[in-house]
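# Results of the structural survey
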Amino acid sequence: MKKIYIQSLILTLVSTSIFAQTKMTKKADKLYDRFEFVDAAEEYAKIVEKGNGDAYVYSRLAESFYNIFNTEEAEKWYAKALETSEDPEMVYKYSQMLKANGKYDQSNEWMNKFVSMRPGDIRAVAYRDNPDYLPKILEKGKKFNIQNLTFNTEYSDFGGAVNGNDLYFTSARNTGRKTYGWNEEPYLDIFFLSMNEDESYNSAFMLDEDINTKYHEGIVSFTSDGRTMYFSRESFSEDQYEKDPESKNKFSVLQLFRAKRMGSAWGNVEQLSISSDSYSVKNPSISPNGRTLYFASDMPGGFGQFDIYKVSVDLNGTLGTPENLGQKINTEAQEMFPFISDNYTLYFSSNGPLGLGGLDVYHTREVDGKYAPVRNIGIPINSAADDFAFTLNEETEKGFVSSNRYGGKGSDDIYAIRKLQPLCDVLITGTVTDAKTGNKIVGAAATLYDNQDNSIVSKTTDENGKVEYIIECQENSNLEVVMEGYESNRVEISGSSEEEISVNIALNPIEKIIVEDRIVLNPIYFDFDRSNITAQAAFELDKLVQLMDKYPELVVNATSHTDSRGNDTYNRRLSDRRAQTTVQYIISKGIEGSRVSGEGLGESQPIYDCGSKCSEEEHQMNRRSEFIIVSGGPNSQ
């Protein structure tokens with residue numbers, strides 16, 4: 001293992017020296033070799049400004065910024081260097097900088113390139129085994145079982161709305177109907193069949209002519225009492241259509257209707273006020289309380305071809321004004337087949353977000369007036385084909401989905417589904433306070449990280465010192481809070497299935513990190529045989545920078561220590577590089593170089609004096625930096 005890391009370090013040094021150094025870069029190279037990365041970067045930048053940049057200069061700029069953890073600049077210059085270089089180590093670092101800047105897809109692209117260049121590298125192996133980005137769609141496949149139903153035909157069968165013991169669906173199986181030119185199948189009608197306790201199904205029957213016409217009827221939705229049915233119907237039935245003056249072709253739209261249960265039949269059919277003769281409204285889904293109707297429409301003002309809307313329904317059945325669900329739900333493509341379940345989870349189909357192909361089923365939930373991130377429900381619900389008309393009884397965890405996937409009986413089939421694992425989101429409410437006074441802190445920067453330490457989103461605390469985030473349940477996360485005048489804090493949030501989690505984050509005044517003649521930070525660890533500043537180290541060093549900004553007379557000496565692996569001479573040199581890198585990071589944040597110095601002490605002052613018998617954790621504790629106050633600070637006033 002030690003040999004691998006040493007080889008990696010050598011390759012890192014070689015990667016910035018494979019191009020010839022010139023007289024022009026002599027000054028910058030000297031600064032770089034002294035680990036004065038801030039000044040080195042300035043000198044290399046001057047060379048670029050004069051039009052003399054090349055792969056060597058760009059790579060040195062990138063490495064300078066990499067070592068002081070300036071991820072945006074490092075990303076910029078790695079990209080420039082890689083225009084003419086194929087160095088694997090540079091490819092890897094560029095991938096890491098992209099990831100640090102939240103560009104996960106691009107990061108994965110470059111990691112894949114790195115894997116192809118160095119398939120045996122331990123980092124490549126680790127990436128292949130567990131890529132650090134959000135779980136792939138395919139990993140969600142275990143959440144459902146799915147089964148093709150016996151009553152499907154060779155024609156299109158889709159939908160699945162349960163009313164009592166009856167299942168209602170839409171089908172083109174009525175061969176007595178005229179065929180439709182789109183797919184040469186008969187026009188669609190609404191059918192129902194009764195379900196048995198053993199989950200078998202009886203023969204299907206078509207609803208009468210009060211519901212079904214000679215044109216298309218679509219899927220249905222029932223109020224919770226089973227007395228009202230919403231459904232869609234083609235406008236030809238109302239003698240409403242548009243006619244092309246040249247071709248003479250007639251074009252219909254889809255409209256929404258409502259029917260009432262009249263004994264054992266359906267009647268009293270009325271067209272809903274939101275219907276139009278110039279655009280379609282379709283795919284109704286009525287909320288459990290009967291007060292909100294969800295539907296799809298291509299009405300003007302939407303974001304894409306079809307969007308999902310909702311409209312209020314008062315106690316008398318009067319509809320309000322349709323409301324577009326917004327860009328968190330709707331894309332430039334098609335969002336259709338909304339289904340609002342009995343716990344108010346919204347399921348729908350779309351071909352807009354990244355999916356497996358065709359229409360995929362997605363889900364989200366509105367919590368405190370905010371929609372959670374839309375998520376692909378995964379396989380086996382979704383396939384490479386169109387998957388739609390998803391319904392689910394959240395209590396029994398049974399439902400239906402329709403699909404034209406390979407292996408079905410007809411052009412569209414209905415599948416029974418059973419949920420195996422929960423689908424949920426969690427609202428995290430963080431409250432930031434002053435640890436000394438208990439007062440709420442307004443304007444603090446709060447960043448949420450996932451369990452791979454990728455930044456998810458950053459927000460600012462409101463007038464009540466609060467921030468809110470919505471994440472998937474059972475996902476561990478970390479909340480990091482930074483505020484001027486206070487010691488930054490980071491808390492771990494364990495994954496949960498609760499709908500809401502409250503987290504309190506108390507910040508100490510920045511002076512609390514001073515203990516006698518030392519500035520006490522959480523341990524700043526370095527990876528084995530490395531000297532570059534990590535994300536964890538940058539978080540801690542920013543506390544020191546904040547303190548030095550507040551007290552301009554404060555002067556600090558940084559000491560760096562190694563573990564006992566390697567010989568004394570090598571370890572002292574390594575610790576000196578780490579000390580200088582630490583100093584350079586502090587200077588890069590605007591602190592005068594005269595106020596901070598660094599010293600490498602090698603392995604001479606271990607915390608754990610265990611020699612070759614140290615555990616990996618003990619070795620890491622010995623690899624550290626410490627900060628001694630030389631002069632200035634609050635205690636000197």
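Quantities reported herein were computed from a predicted structural model and do not represent experimental measurements. Sequence order as written defines residue numbering, which begins from 1 separately in each chain. Local features in a predicted model are, by the rule used here, given only for residues with pLDDT of at least 70; side-chain atom pairs are given and counted only at 80 or more, and totals for whole chains, interfaces and linings are based on all residues. Think of the side-chain values as coming from all heavy atoms in the structure, minus any hydrogens and water.

### Considering the sheet that holds strand S16 (residues 307–312)
Heads up, the condition is: Any two strands are treated as partners once DSSP identifies two or more bridges connecting them. By the criteria applied, helices consist of DSSP H or I runs no shorter than four residues and strands consist of E runs no shorter than two, each listed in order from the N terminus.
One open sheet holds the four strands; their spatial order is S14-S15-S16-S17, and the pairing between them is antiparallel. A strand with exactly one partner marks an edge of an open sheet, and here the two such strands are strand S14 (281–286) and strand S17 (323–324). Examined bridge by bridge, S14 and strand S15 (residues 292–297) share four bridges and lie antiparallel to one another. Residue pairing for S15: Ile286 is matched across the bridge by Leu293.

### Things to note about helix H2 (residues 26–33)
Worth spelling out the cut-off: Exposure classes here rest on a 1.4 Å probe applied to the protein chains alone. A residue is buried below 20% of its type maximum, exposed above 50%, and partly exposed in between. Arc, as used here, means the arc of the directions from the helix axis to the C-beta atoms. Any two residues having at least one pair of non-hydrogen atoms within 4.5 Å are treated as being in contact.
Among the residues of H2, Ala28, Asp29, Leu31 and Tyr32 are the ones counted as buried. All buried residues of H2 project into a common sector of 160 degrees when viewed along the axis, lining one side. Seen from the buried face of H2, the exposed residues on the opposite side, beyond 90 degrees, are Lys26, Lys27 and Lys30. Elements that come into contact with the buried residues of H2 comprise helix H3 (37–49) and helix H4 (55–67). One or two positions beyond H2, positive phi appears at Phe35, with a value near 65 degrees.

### Re the state of the cysteines
Put simply, the rule is: What counts as a disulfide here is a pair of cysteine sulfur atoms lying within 2.5 Å.
The tally for this structure, following the rule as stated, stands at one disulfide. Residue Cys610 pairs covalently with Cys614 via a disulfide, S to S 1.7 Å. Handedness here is read from the sign of the S-S torsion; for Cys610 and Cys614, about 100 degrees, the answer is right-handed. We classify Cys610 as partly exposed; its relative accessible area is 22%.

### What about the sheet that holds strand S30 (residues 477–482)?
What counts is decided by this rule: The axes are straight lines fitted to the C-alpha atoms, using for helices just the contacting stretch, and the angles between their N-to-C directions are given from 0 to 180°.
Strand order across the open sheet formed by four strands is S28-S27-S30-S31, with antiparallel pairing between neighbours. In this open sheet, the two edge strands, each paired with only one partner strand, are strand S28 (455–460) and strand S31 (489–493). Across the sheet, the mean angle from the axis of one strand to that of its neighbour is 20 degrees, orientation sign disregarded. Of the strand pairs in this sheet, S30 and S31 are connected by five bridges, and their pairing is antiparallel. Across the sheet, the residue bridging to Leu479 is Val491, located in S31.

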